[in-house]
Amino acid sequence: MSSHSELKTSQDVHLRAKQIKSLIRSLKQKIKKIEREGEVAPANCHIIRYQVNGKGTIYWYYKLQAAESIFPMATNNEKKTKYKYLGRAESSAHIDAVEKLTRRNLIDELERVIQSLTESYLDIYIGTETE
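Quick notes on the rules
- Residues numbered from 1 in each chain as written.
- Predicted model: local features only at pLDDT ≥ 70, side-chain atom pairs only at ≥ 80, totals over all residues.
- Heavy atoms only, no water.
- 1 Å grid on protein atoms, 1.4 Å probe; cavity = no way out; pocket = protein on both sides within 12 Å on 5 of 7 lines; lining within 4 Å.
- Points joined across faces, edges and corners; volume = space filled by probe spheres on them.
- Helix = DSSP H or I, 4+ residues; strand = E, 2+ residues; numbered from the N terminus.
- Nonpolar A, V, L, I, M, F, W, Y, C, P; charged D, E, K, R; others polar.
- Pairing = 2+ DSSP bridges.
- Axes fitted to C-alpha atoms, helices over the stretch in contact; angles between N-to-C directions.
- Phe/Tyr/Trp six-rings, centres within 6.5 Å; stacked < 30°, edge-to-face > 60°.
- Buried < 20%, exposed > 50% of the residue type's maximum accessible area, 1.4 Å probe, protein only.

Peer 1: I'm lost on the layout of surface pockets in this one. Help?
Peer 2: Sizing a probe to match a water molecule and rolling it over the atoms shows the empty space that remains. In this structure, the largest pocket occupies an estimated 150 Å³ of space. Only strand E5 (83-87) and helix H2 (92-130) provide two or more residues apiece to the lining of the largest pocket. Among the elements that make up the lining of the largest pocket, the one with the highest residue count is H2 (4 residues). Residues belonging to the lining of the largest pocket are distributed by class as follows: 8 nonpolar, no polar and 4 charged.

Here it is in structure tokens:
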């Protein structure tokens, strides 16, 4: 009787592992689909809103900020800066950056889930080896 329950448990483990692998493949396909939709913002970037005081008027502008200097400077393409000027909220540069950043955030989250599932997959087999 115990060999039957061990066989069933082993089959269950392999089935769960197969499901995890299938889910990982599916999430990787979703990442590829997102990448085909358009350009993706570089990693570790976000959009900053800042204000400029004019003659009695406040103006709001946006820029893309990276963790490291990756964007070419406007005045010298050979030098890099952490910032990319996007202009006002209605500018095409701002809207384009929001779309790119949205794709980046979706990909980053899917990659975190894939990493977690990969660890779960490894835990299944490590857990069965120690039992």
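Still more ground to cover, so stick around.
Peer 1: Would you mind showing me how to read the sheet that holds strand E2 (residues 58-66) here?
Peer 2: Whether parallel or antiparallel, the strands of a sheet pair through hydrogen bonds between backbone atoms. An order of E1-E2-E5 is seen for the 3 strands of this open sheet, with the pairing classed as antiparallel. Each edge of the open sheet carries a strand with a single partner, namely strand E1 (45-53) and E5. The mean angle between the axes of side-by-side strands here comes to 30°, regardless of whether they run parallel or antiparallel.

Peer 1: In this structure, what is going on with unusual backbone geometry? I would like to understand it.
Peer 2: Negative phi characterises most residues that are not glycine, and trans characterises most peptide bonds. A positive phi angle, close to 60°, is found at Asn44, a residue other than glycine. The residue Asn44 is located in the loop between helix H1 (2-37) and E1 in this model.

Peer 1: Before we go on, may I ask you to explain the packing of aromatic side chains in this structure?
Peer 2: Aromatic rings considered in pairs are described by the distance between their centres and by the relative angle of their planes. Applying the stated criterion to the full structure yields 3 aromatic pairs. Geometrically, the ring pair formed by Tyr50 and Tyr61 is tilted, given 6.1 Å between the ring centres and 35° between the ring planes. One end of the pair, Tyr50, is in strand E1; the other, Tyr61, is in strand E2, and 11 residues separate them in sequence. Accessibility expressed as a relative area gives 19% for Tyr61, which makes it buried. An aromatic cluster is defined as three or more aromatic residues linked by ring pairs; in this entry it consists of Tyr50, Tyr59, Tyr61 and Tyr85.

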